[in-house]
Every structure is written in C-alpha cells, then in structure tokens.
Amino acid sequence: MSDKKPSPPVRADFVAFEEVHSRWMDNDAYGHINNVVYYSFFDTAVNRYLIERNVLDVIKSETIGLVIETQCKYFSSIAYPDMIHVGLKVAHLGNSSVKYEVAIFRNEEDVASAMGHFVHVYVDRTTNKPTPIPQNVRTVLQQLVKAS
C-alpha cells in the first residue's frame, strides 16, 4: 500500500453534477458529516441521475443495478448546512456492470472534499441474476464517460 495520499480531484474532472442537501442529522458528535453518509450521497446522486433521465423506475424497472463495491477517500470535512455537489463520471462500462467515479464538493468549492467509486452490476429484478445493461441505460451511462 502506497503512503502517498492521492490528490483530490477538481470539478473539471467530472461530467455531471447532482446537488444533495446535507441534513442536520448527517453531522456527528465531532461536528462534521459522518463518513457513512458520503456513501448515501453517492447512491442518491447516481440514482437521481438515472431516474431523471427515465432509465430507472425504482418500482417497475425489470433490470436494476445493485452495488457490489464501494470506496471513499476523504480530504476535508463538510458539515450541515453545506450544499453537497456530487461529481459523476463513468470509469468503466462493461456488459453487465458499470464503475462510477464520484466526488463530493462542498458548496461552490472547486477541489473535492472526498472522492470514491462504486460499481453497479445489473441484474434481473426477479431472479437477481446478472443481465446485460439495457440499451437505454447504456446510452445514458455513455454520456457520463469522460473524454480523454
């Protein structure tokens, strides 16, 4: 394991952003948003992105993405009442899985307070068996791939 801490990303590293309001209850006893809440921000932002583009219906979609891996690295604290901007991009788009890279930006700051990733594997809602990402979902996810 490397001792070198990665540099935080900046807004220009991401393709899209979703706003998430921090809540009073997100703060912990130390006066900042608790680490586990960041994962909720990631999940909320990605799913809202998909819902707003009409490729995810949380009740009716026959194919759904299940999180199988997640990670977060922290650079600076955030606290209620900060406005959270979640940067999104797709790092890998496979046959049945997608790896998102995500970052948390505090208010209007350009440098991320945290960065992470998570992986969705698409499954049939009824059988929970992996299935290819539906074309309409794939089209939306391709829009999140950052050009090099």
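Every value quoted in this text rests on a predicted model; they were computed, and no experiment measured them.

Asks: Which residues make up the environment of methionine 25, and what are the values?
Replies: Within the element layout of this structure, methionine 25 appears in the loop between strand E1 (16–21) and helix H1 (35–52). Counting along the chain gives 12 residues from methionine 25 to valine 37, while the straight-line C-alpha distance between them is 9.9 Å.

Asks: Which residues make up H1, and what values go with them?
Replies: Across its 18 residues, H1 extends 27 Å between first and last C-alpha, which sits within 8% of the 26 Å expected from 1.5 Å per residue. If you follow the buried residues of H1, they end up packed against E1, strand E2 (63–74), strand E3 (83–93), strand E4 (97–106), strand E5 (114–124) and helix H2 (135–142).

Asks: Let's hear about the environment of alanine 114: which residues, and what values?
Replies: Relative to the helices and strands, alanine 114 is located in strand E5. The buried category is assigned to alanine 114, whose relative accessible area is 0%. Put simply, alanine 114 and glutamine 135 are 21 residues apart on the chain and 31 Å apart in space, counted from C-alpha to C-alpha. Dropping the residues within four chain positions of it, alanine 114 is found in contact with Tyr38, Cys72, Lys73, Tyr74, Phe75, Ala103 and Ile104.

Reading the values: rules and limits
Along each chain, the written sequence defines residue order, and numbers are assigned to residues from 1. At least 70 in pLDDT is required for a residue's local features to be given in this predicted model, at least 80 for side-chain atom pairs to be given and counted, and no such filter applies to totals for whole chains, interfaces and linings, which use all residues. For side-chain calculations, the full set of non-hydrogen atoms in the structure is used, while hydrogens and water are omitted. Counting from the N terminus, the helices are the DSSP runs of H or I reaching at least four residues and the strands are the DSSP runs of E reaching at least two. Every helix has an expected span of 1.5 Å times one less than the residues it contains. Whether two residues are in contact is decided by their heavy atoms: any pair within 4.5 Å suffices. Three exposure classes are used, based on accessible area relative to the maximum for each residue type with a 1.4 Å probe and protein chains only: buried under 20%, partly exposed in between, and exposed over 50%.

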